[in-house]
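Observations on chain architecture
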6 protein chains.
Amino acid sequence: MSSIVVLLVEDESMVLIDVEHSLVDAGFEVVSATKGAEAIRAFNDDPERIEALVTDIRLGEGPTGWEVARHTRSVNPNLPVIYVSGDGADEWPSLGVPNSIMITKPFVMPQIINGLSNLLNEGGPTSS
Amino acid sequence: MSSIVVLLVEDESMVLIDVEHSLVDAGFEVVSATKGAEAIRAFNDDPERIEALVTDIRLGEGPTGWEVARHTRSVNPNLPVIYVSGDGADEWPSLGVPNSIMITKPFVMPQIINGLSNLLNEGGPTSS
Amino acid sequence: MSSIVVLLVEDESMVLIDVEHSLVDAGFEVVSATKGAEAIRAFNDDPERIEALVTDIRLGEGPTGWEVARHTRSVNPNLPVIYVSGDGADEWPSLGVPNSIMITKPFVMPQIINGLSNLLNEGGPTSS
Amino acid sequence: MSSIVVLLVEDESMVLIDVEHSLVDAGFEVVSATKGAEAIRAFNDDPERIEALVTDIRLGEGPTGWEVARHTRSVNPNLPVIYVSGDGADEWPSLGVPNSIMITKPFVMPQIINGLSNLLNEGGPTSS
Amino acid sequence: MSSIVVLLVEDESMVLIDVEHSLVDAGFEVVSATKGAEAIRAFNDDPERIEALVTDIRLGEGPTGWEVARHTRSVNPNLPVIYVSGDGADEWPSLGVPNSIMITKPFVMPQIINGLSNLLNEGGPTSS
Amino acid sequence: MSSIVVLLVEDESMVLIDVEHSLVDAGFEVVSATKGAEAIRAFNDDPERIEALVTDIRLGEGPTGWEVARHTRSVNPNLPVIYVSGDGADEWPSLGVPNSIMITKPFVMPQIINGLSNLLNEGGPTSS
């Protein structure tokens, strides 16, 4: 059985590796990027392949996580979006996209797996 | 008893008058604006006075409804936001703010009153 | 401004008139039917025109409200559906469609107006 | 058609009259009380008759709105409960009951009508 | 401590084994069936024992997953129901039951575990 | 990365150990107590450290789980609260706090992990 592909964007390599490991463990396939521009490029390469986005907010130079989410949602309006950040939570009400989840650091991995599951289960025909 | 003040932004005067009338009828107090810049000015004059935003998307020159919402939410992260539009619904998943409602034209007035009531009832301590 | 068309199905003429009056008062346009077969015919005549269904369960001979809802949803998977009934509520968990609302008699008109508003506001791009 | 009976508890007579008027206008039948003890007595007289509770928090001497809600819910676990108050909202997270709505003053009447409709539509078999 | 019994219905034996393994791993007890008629028989043997249903849609000859869900819900109106399918998602809005979840293949196991947890946590007294 | 601290209150030591093990496995840090008074003391020692409460209802002598939840919520109104109990579910609608989850025994561990994740993901800026 093929799997569900998550685009994971995180500039701290330790966190990236941890989250990637947890996602793979849960059965997801992961495309990872450490910069916003790299994430957008990876998405544009094959937009239909990416079925969910998990992104940090601060990504060094270039597009922020807010911008990555906005770009991917402009192509796929139903894309599940999860923001993970230590300090961007205050801006989520004004810069986040609708139907997204904001997870603040520190967090535990089940929050991401659970958030993705909730958003995916509601996708396609929405769960009632 | 004082009332709840809604900032209403709409550049079609016929729709503005209709919606304003319905809001006043429902007991709300209305501050209205026909342009984005005017709306932002009205909000900045006294941000604590405005308790909800109902905004059209296309507002002629200047800031769009997306930008008005983002500005007001950056000051008041809990502000209830309702977008009303004939043609902006497709952009809502990428340009809207979290916890907002998108109402597409044509609509009936109870959709706005009901949307505001839902968002207000969940504000402060959130309804369970 | 054109309005939102509700297909209203009810075999008790007194209730039909009351609900129709309330819907029109709220700004909706109403197509009414007193039998299931008549409702399905009215829907099939122009499926795109009907934007919501409010239906009683027991409709004398012919299709029940459960069947009317299932038929209309098979054509328009996003159609808002409200069942109104004195005695069908027990069967709703097994015979109702997902994302529908069950209103039991006696009821007050705002329950229908509010239910329709909630379902319509969540349609198209879903409210967050 | 018989109606839905709401127990309304409010010690400010001006507010009581306003809310009662709005509820009756919306089609509800109202049993009103100005004290907590009176409200509990009215409920105990015929618990099955009362189908929803709208209560202020501060009620002078005797039981508060928190206590009225807890008593009525201990008899009818599915009773829709709405608290309306100018200053009790801070205590709602620790003293309110589950699945209740907190409305803070100032409010508009549609918030109460809408809140009741939402809770009633979800009652019996829950709306999906 | 005794556990929660899930009725699992799936005609592809590879998927059946995978899902069963994941459910057992998560602490559930599993009653499995590969045909709709077998599932209904297993349920009827002891309806109170089954606390949740996870069912594929296409089940070869005999009752489909839609019919299995409708039968079990007619006996237990609160039964959590999850549909898992590669091609039945389009029919869910017209053939599914209220308060059910539709998971489309490909999926990851946490979607099922998470879906069951959400539905079970809301059962009995509903989570707020 | 530091973790999320859960206050776990359970007077059956076998259950306490099982749940604690599952929480630690999921990445949480656990402060455990076997009595209500002990739980309240542990919370009061450093209220900001505790980020969620998982509590049994019956705790032998002293405060019940209902009272522990009410105390912790009076200090931290946004604290995620999960009740786990074999026999307290009937009282949840009158004695529970808003936005809490009731899990009845028997349960599986993912119900707790999933419940915590849902409540934490909605905390801070609420997920849309």
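Further up the page is the structure itself.
Reference entry: report on the structure contained in this document.

Calculation rules
- Residues numbered from 1 in each chain as written.
- Chains lettered and ligands numbered in written order.
- Predicted model: local features only at pLDDT ≥ 70, side-chain atom pairs only at ≥ 80, totals over all residues.
- Heavy atoms only, no water.
- Least-squares fit on C-alpha atoms with pLDDT ≥ 70 in both.
- Contact = heavy atoms within 4.5 Å.
- Pairing = 2+ DSSP bridges.
- Helix = DSSP H or I, 4+ residues; strand = E, 2+ residues; numbered from the N terminus.
- Axes fitted to C-alpha atoms, helices over the stretch in contact; angles between N-to-C directions.
- Salt bridge = Lys/Arg side-chain N within 4 Å of Asp/Glu carboxyl O.
- Polar contact = N/O pair within 3.5 Å; in protein donor to acceptor, adjacent residues only side chain to side chain.
- Nonpolar A, V, L, I, M, F, W, Y, C, P; charged D, E, K, R; others polar.

Description of the relation of the copies chain E and chain A
Mapping chain E onto chain A is achieved by rotating through 120 degrees and translating by 0.0 Å along the same axis, at an RMSD of 0.0 Å. Taken together, these values place the two copies in the relation of a three-fold axis. The position closest to the rotation axis in chain E is occupied by the C-alpha of E:N114, lying 3.7 Å away. Of the residues that chain E buries at the interface, just 11% are likewise interface residues in chain A, meaning the two copies contact each other through different surfaces.

Here's the deal with the sheet that holds strand β1 (residues 5–9) of chain D
Residues and elements named next belong to chain D. Sheet architecture is open: 5 strands sit in the order β2-β1-β3-β4-β5, paired in parallel fashion. Each of the sheet's edge strands pairs with one partner strand only, and the pair in question is β2 (29–33) and β5 (100–104). Averaged over neighbouring strand pairs, the angle between their axes works out to 20 degrees when direction is ignored. Where strand β3 (residues 52–56) and strand β4 (residues 81–85) come together, 4 bridges link them in parallel fashion. Across the sheet, T55 pairs through a bridge with Y83, a residue of β4. Contacting β1 and β2, helix α1 (residues 13–25) crosses the sheet at an angle of about 165 degrees to β2.

Quick look at the interface of chain E and chain A
Contacts between chain E and chain A engage 19 residues on the former and 17 residues on the latter. Counting the contacts that link chain E with chain A gives 0 salt bridges. Linking chain E with chain A are 3 residue pairs in polar contact (both at pLDDT 80 or more). Secondary structure elements with two or more residues in the side of chain E that touches chain A: α4 (92–95), β5 (100–104) and α5 (109–122) of chain E. In terms of residue count, the dominant contributor to the side of chain E that touches chain A is α5(E) (6 residues). When grouped by side-chain class, the residues that make up the side of chain E that touches chain A number 13 nonpolar, 6 polar and no charged.

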